[in-house]
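Below are the chains, spelled out letter by letter.
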Amino acid sequence: MTDRVDIPGALTSALRDARHVCVLTGAGISAESGVPTFRDAQEGLWAQYDPLQLATPEAFEENPTLIWQWYRWRRELVAKAKPNPGHLALAQLAGLVPRLTLVTQNVDGLHQRAGNTDVIEFHGNLFDDRCHAEGCIIDSSSSQQHGEPDVPTCPRCGANLRPGVVWFGEAIPDVALNESFAAAADCNVFLSIGTSSLVYPAAGIADIARENGAIVAEINPEPTMRAASYDFSIAANAGVALPKLLELLAA
Ligand code: BV8
């Protein structure tokens, strides 16, 4: 992938004039930080598993130890990762437009580490622990319980703890869902960045923006089948396209 990217002038102008920009990010924006996307083959021990099969309540019920091993491996990997120029550009964008709503499907917390403060974590956060019985978030130091038991337990009720993410087949938290849908309906420009747009209801957020008259652009080195229905499709890595976009905006 070259570092050259063409940013349509009409997109830069629309962003310059926007009252409200809504951004949806997926695993692709963290790829350049070394965090494997869901579509990428996993590494090592985890190469034999399909994340779509592991990220489910059924898999946790069946083998909580294995699921905790997977999430601990991801926590370690993400903790070593750093925000990349794509994350940093979005943090800069927040300071350049009147209102930016950042909705992320990612659970890695890299947008917050890049400086975005107002992030809607549509699928939760990798580093949160949640009581599997009561559903409440528990202070995550609990999962580092004395000698890290294979499956940490809730200090309040003794049930198993689980990572604070939304698994396949689980509902999106109401607040995240409603705030994301409202932002998509209200925004003037919608940027879909680094997502295959295959997972619902996240993938439907762009439709809400489009149906409410927003200008929609996708940034993805492999344009998705939805790109044809968007106003702009920028076939480039986020870490290349977003800094270029910000350079033009700030000019
Ligand atoms: C729900 C947290 C209902 C966990 C995740 C059939 C049809 C439609 C829908 C369904 C269906 N069957 C089932 C469903 C629903 C299901 C779903 O959508 N399944 C899919 C697989 C078909 N959805 C759900 O289950 C959701 N819940 O529907 O609940 C309900 C309602 C009421 C009551 C009860 C239930 C919950 C979904 C949430 C799942 N959790 N994550 C964890 O992380 O462990 S999803 C997980 O996978 C990620 O969070 C992310 O959302 C998704 C992967 O998608 P992407 O982010 O797009 O990543 P991907 O790897 O796919 O693509 C990366 C892209 O980046 C690529 O396009 C690539 O080209 C691009 N890229 C690569 N490098 C770069 C780049 N782009 C830019 N720059 C680069 N450098």
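Please refer to the structure placed before this passage.
So, here is what we can say about the structure in this document. Predicted model, so just to flag it, every value in this text is computed and none were measured.

**What to know about the site of the ligand**
Around the ligand sit 32 residues, and of these Arg39, Tyr71, Arg74, Gly169 and Ser196 come closest. Separating an oxygen atom of the ligand from a backbone N or O atom of Gly169 is a distance of 2.7 Å. Residues that form the shell around the ligand fall into these classes: 16 nonpolar, 11 polar and 5 charged.

**Notes on the pairing of strand E2 (residues 100–104)**
A large share of E2 lies buried, amounting to 5 of its 5 residues. Every second residue of E2 is oriented toward a common face, with Leu100, Leu102 and Thr104 on one face and Thr101 and Val103 on the other, all of them buried. Of the pairings in the sheet, the one linking E2 to strand E3 (residues 119–121) comprises 3 bridges and is parallel in character. Following the sheet pairing, Thr104 is matched in E3 by Glu121.

**So, a nonpolar patch on the surface**
Nonpolar side chains collect at one region of the surface, where Phe38, Leu52 and Phe168 lie side by side and expose about 220 Å² of accessible area between them. Of the residues examined, Phe38 reaches a relative accessible area of 31% and is grouped as partly exposed.

**Remarks on the pattern of salt bridges**
The tally for this structure, following the rule as stated, stands at 10 salt bridges. Across the pair Arg4 and Asp6 runs a salt bridge, and its minimum N-O distance is 3.0 Å. A salt bridge links Arg156 to Glu134; its shortest N-O distance comes to 3.6 Å. Of this pair, Arg156 sits in the loop between strand E5 (137–138) and strand E6 (161–165) while Glu134 sits in the loop between strand E4 (124–131) and E5; the two residues are 22 residues apart in sequence, bridging distant segments of the chain. According to the relative accessible area criterion, Glu134 is partly exposed, its value standing at 39%. When salt bridges that share partners are traced, they join Arg19, Arg99 and Asp186 into one network.

Parameters and conventions
- Residues numbered from 1 in each chain as written.
- Predicted model: local features only at pLDDT ≥ 70, side-chain atom pairs only at ≥ 80, totals over all residues.
- Heavy atoms only, no water.
- Near = heavy atom within 4 Å.
- Polar contact = N/O pair within 3.5 Å; in protein donor to acceptor, adjacent residues only side chain to side chain.
- Nonpolar A, V, L, I, M, F, W, Y, C, P; charged D, E, K, R; others polar.
- Buried < 20%, exposed > 50% of the residue type's maximum accessible area, 1.4 Å probe, protein only.
- Helix = DSSP H or I, 4+ residues; strand = E, 2+ residues; numbered from the N terminus.
- Pairing = 2+ DSSP bridges.
- Patch = residues over 30% accessible without salt bridge, like charges linked within 9 Å, V, L, I, M, F, W, Y side chains within 5 Å.
- Areas by Shrake-Rupley, 256 points an atom, 1.4 Å probe, with all protein chains shown as cover.
- Salt bridge = Lys/Arg side-chain N within 4 Å of Asp/Glu carboxyl O.

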